[in-house]
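# Working through the structure, step by step
Residues per chain are reported as follows:
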Amino acid sequence: GGASVTPLAGEAQDLFDGLIGPGVAHLRVNGWLCVDVCVRASVDCDAPTQNQTLLLLRPKEQLLSSLPQDHSPDLSLLIAVADPLKPFRQLSVELRMSPERIYALSLHLAAWGKGRIVQCVSKSSVYLVSPLAEFHSEGKVAISFGRFLHRSEDGFSRPDKPPLQQLREALLLFSAAKTLEGHHRDEEDIIVQELGLNRREPLTKQQAHLIRSRKNDISRVAAWLLEHDLVVLHRIYITLY
């Protein structure tokens, strides 16, 4: 028979695969010794800008369960409340933690490939489909997108459509340079037309909740696409002469 492979050799192979791929590796040698290795480029630790925030790149439950036993309690608190729709200054108030502390913890997560410091997803943000987006695994991404939509409150999810079609429609939404506020207005117009509402009459609480939820869903979809590198933030530069 062939030579058997020891568990240590398998763990070494996992370490190698992690380093040549995403640049990070996490393993437990012989079932008890934790080894975390990171070869990502370091991030300069400047002060956070006004509209920056933390975008987590893995589910919160997965990140919290992967933290070592001696991790900082502040780190788990940040992961629990991290929200790409909330800037650092808002998280600072909610956590009663300085923005500098939150920024330092976010840099730590970014260095280990578990998060990314981005501009907060806001009404003025403009997102476009990334020219580097890879769709060879579109089916797998679509399934993940479908699970994400299943957790949304009301409107963006369409149970009558397969996840792949919904993903393509989401990407089509961000094929034109338009602010999220513009997308929100379009969605409100769609709801008004669907329900046959008269704009001169006040909305009921249920109607107002539906509109708010659908607008929030669009912002959450933008954040999900950003997390999966399917859209990029469109920046406008003005040169003064």
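See above for the structure.
Being a predicted model, the structure only gives us computed values, none of them experimental.

### Some thoughts on the overall build of the chain
Secondary structure summary: the chain contains 9 helices and 6 strands in total. When each of the 241 residues of the chain is scored for burial, the buried share is 34%. Long-range contacts, defined as pairs at least 24 residues apart, comprise 68% of the intrachain contacts of the chain with a sequence gap of at least 6. Carbon and sulfur atoms make up 55% of the accessible area of the chain, which totals about 15,200 Å².

### Focus on the packing of helix H7 (residues 163-173) against helix H9 (residues 205-227)
Running from N to C, H7 and H9 cross one another at 95°; their axes reach a closest spacing of 11 Å. Between H7 and H9, the crossing angle belongs to the class labelled roughly perpendicular. In this structure, H7 uses Leu 167, Ala 170, Leu 171 and Leu 173 to contact H9, whose residues at the interface are Ile 218, Val 221, Trp 224 and Leu 225. Here the residues of the contact of H7 with H9 are counted per class, giving 8 nonpolar, no polar and no charged.

### Some thoughts on the pairing of strand S3 (residues 52-56)
Among the 5 residues of S3, 5 are classified as buried, and the element is accordingly described as predominantly covered. Where S3 meets strand S4 (residues 115-119), 5 bridges bridge the pair, whose relative direction is antiparallel. Paired with Gln 52 across the strands is Gln 119, a residue of S4.

### Examining the packing of aromatic side chains
This structure, assessed with the given rule, holds 4 aromatic pairs. Aromatic pair Phe 145 and Trp 224: ring centres 5.0 Å apart, planes at 55°, arrangement tilted. You can see Phe 145 sitting in helix H6 (residues 138-150) and its partner Trp 224 sitting in helix H9, a full 79 residues away along the chain. Look at Trp 224 and you get buried, because its relative accessible area is 6%. One aromatic cluster is present, built from ring pairs that chain together Phe 145, Phe 148 and Trp 224.

Rules used in this analysis
- Residues numbered from 1 in each chain as written.
- Predicted model: local features only at pLDDT ≥ 70, side-chain atom pairs only at ≥ 80, totals over all residues.
- Heavy atoms only, no water.
- Helix = DSSP H or I, 4+ residues; strand = E, 2+ residues; numbered from the N terminus.
- Buried < 20%, exposed > 50% of the residue type's maximum accessible area, 1.4 Å probe, protein only.
- Contact = heavy atoms within 4.5 Å.
- Areas by Shrake-Rupley, 256 points an atom, 1.4 Å probe, with all protein chains shown as cover.
- Axes fitted to C-alpha atoms, helices over the stretch in contact; angles between N-to-C directions.
- Parallel < 35°, antiparallel > 145°, perpendicular 65-115°, else oblique.
- Nonpolar A, V, L, I, M, F, W, Y, C, P; charged D, E, K, R; others polar.
- Pairing = 2+ DSSP bridges.
- Phe/Tyr/Trp six-rings, centres within 6.5 Å; stacked < 30°, edge-to-face > 60°.

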